[in-house]
Every structure is written in structure tokens, then in C-alpha cells.
Amino acid sequence: MLTALLLDAPAQYADRLAEETTVNGRGMTDYDLPTATDERAPVLVRRCLAYVAACLRRARDDFGDTAVKAYVTLSFADTDEAPLTAYVTFCTPLPDVRPYVPDLESVEGAAVGEFCVEDGAD
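Residues numbered from 1 in each chain as written. Predicted model: local features only at pLDDT ≥ 70, side-chain atom pairs only at ≥ 80, totals over all residues. Heavy atoms only, no water.

**Q** Please set out the environment of T66 residue by residue, giving values where relevant.
**A** Among the secondary structure elements, T66 is positioned in the loop between α2 (37-63) and β2 (69-76). The sequence separation of T66 and V117 amounts to 51 residues, and the corresponding C-alpha distance is 6.1 Å. (Helix = DSSP H or I, 4+ residues; strand = E, 2+ residues; numbered from the N terminus.)

**Q** Go over the sheet that holds strand β4 (residues 111-116), please, and point to the residues and values.
**A** Taken together, the 4 strands give an open sheet; going across it, the order is β1-β3-β2-β4, and neighbouring strands pair in antiparallel fashion. Whereas interior strands pair on both sides, the edge strands pair on one side only; in this sheet they are β1 (25-27) and β4. Shown here is a sheet whose adjacent strand axes are inclined to one another by a mean of 20 degrees, direction ignored. Two strands pair when backbone bridges link them, and β1 and strand β3 (residues 84-91) are joined in this way by 3 bridges, in the antiparallel orientation. Considered in β3, the bridge of G25 is made with T89. The sheet contacts of helix α1 (residues 16-23) involve β1 and β3, and relative to β3 the element is tilted by about 130 degrees. Docked against the sheet, α2 engages β1, β2, β3 and β4, running at close to 15 degrees with respect to β3. (Pairing = 2+ DSSP bridges. Axes fitted to C-alpha atoms, helices over the stretch in contact; angles between N-to-C directions. Contact = heavy atoms within 4.5 Å.)

**Q** Which residues make up the packing of aromatic side chains, and what values go with them?
**A** For the coordinates displayed, the defined rule picks out 2 aromatic pairs. An angle of 70 degrees between the planes, with centres 5.8 Å apart, marks the rings of Y51 and F90 as edge-to-face. With Y51 in helix α2 and F90 in strand β3, this pair connects stretches of sequence that are 39 residues apart. (Phe/Tyr/Trp six-rings, centres within 6.5 Å; stacked < 30°, edge-to-face > 60°.)

**Q** Which residues make up the pattern of salt bridges, and what are the values?
**A** Side chains that carry opposite charge are capable of pairing whenever their charged atoms lie near each other. One pass over the structure, following the stated rule, counts 5 salt bridges. Between R40 and D30 there is a salt bridge, with the nearest N and O atoms lying 2.6 Å from each other. On the criterion of sequence distance, the pair formed by R40 in helix α2 and D30 in the loop between β1 and α2 is long-range, its members being 10 residues apart. Take R40 and D30: they sit in the same class, and that class is buried. Close ionic contact of R60 with D61 constitutes a salt bridge, the shortest N to O distance being 2.8 Å. The exposure class of R60 is partly exposed, given its relative accessible area of 23%. (Salt bridge = Lys/Arg side-chain N within 4 Å of Asp/Glu carboxyl O. Buried < 20%, exposed > 50% of the residue type's maximum accessible area, 1.4 Å probe, protein only.)

Listed below in C-alpha cells is the structure:
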């Protein structure tokens, strides 16, 4: 989809999930947000959820895709400042490929949410 925007896109991927999540993963823009986590978190989460809802709605309306899932990940950057950062990744569950987050409930060190069109893309 957007491989032209990736400077180091590999020619081959381990599987379809690796390719899809590489191409469809995005860091959420946060340069304009406050640095204090308690001020930053609600705005960052709202921004991610608005983006997720818009993308899931377009996937459904433009392509008839109701299977695609969005994953929102919040964690602290591995930098000296360690700001709260967010990533949004889209992928479609496939029967012959492992899930993007195999055991969502056991994730540690980050907050991860899984969303689909039925979760309120309208």
C-alpha cells in the first residue's frame, strides 16, 4: 500500500503478517503535545482512536473490509526523555498466519488495544 514511503522496505518478508504490519504501521504524530504524561496521554489516545475509527470506516465503506483490525500501542520511548508515544498498526487476521499480538492480555511494558469496525467506526 504505502511501501513507497518506506525507505528501507525489505524485498521479502517472513510472512504476510510481517509485510502487512510493516507497511500499515504508523507512529502517531505527537510533536505538538505536552510532555507531561498526564496531559499527553488523553490527547494522544483520542488522536489514535479518531485515526483508527476513520481508517476502519474507510476500509469498510470503500473496500467492504470488515475483517481488518487496528492495534493501538502506547509505551514510553526508549530515549532519555522517555515521552509517552503511540503506534497504530492495521492488519487482517488470516487463518494460516499467527495473530499480530498472539496473547493480548499478557502484554507487559505497553498498553495495547485491539479494535475492529464493530467497535464503533460509525
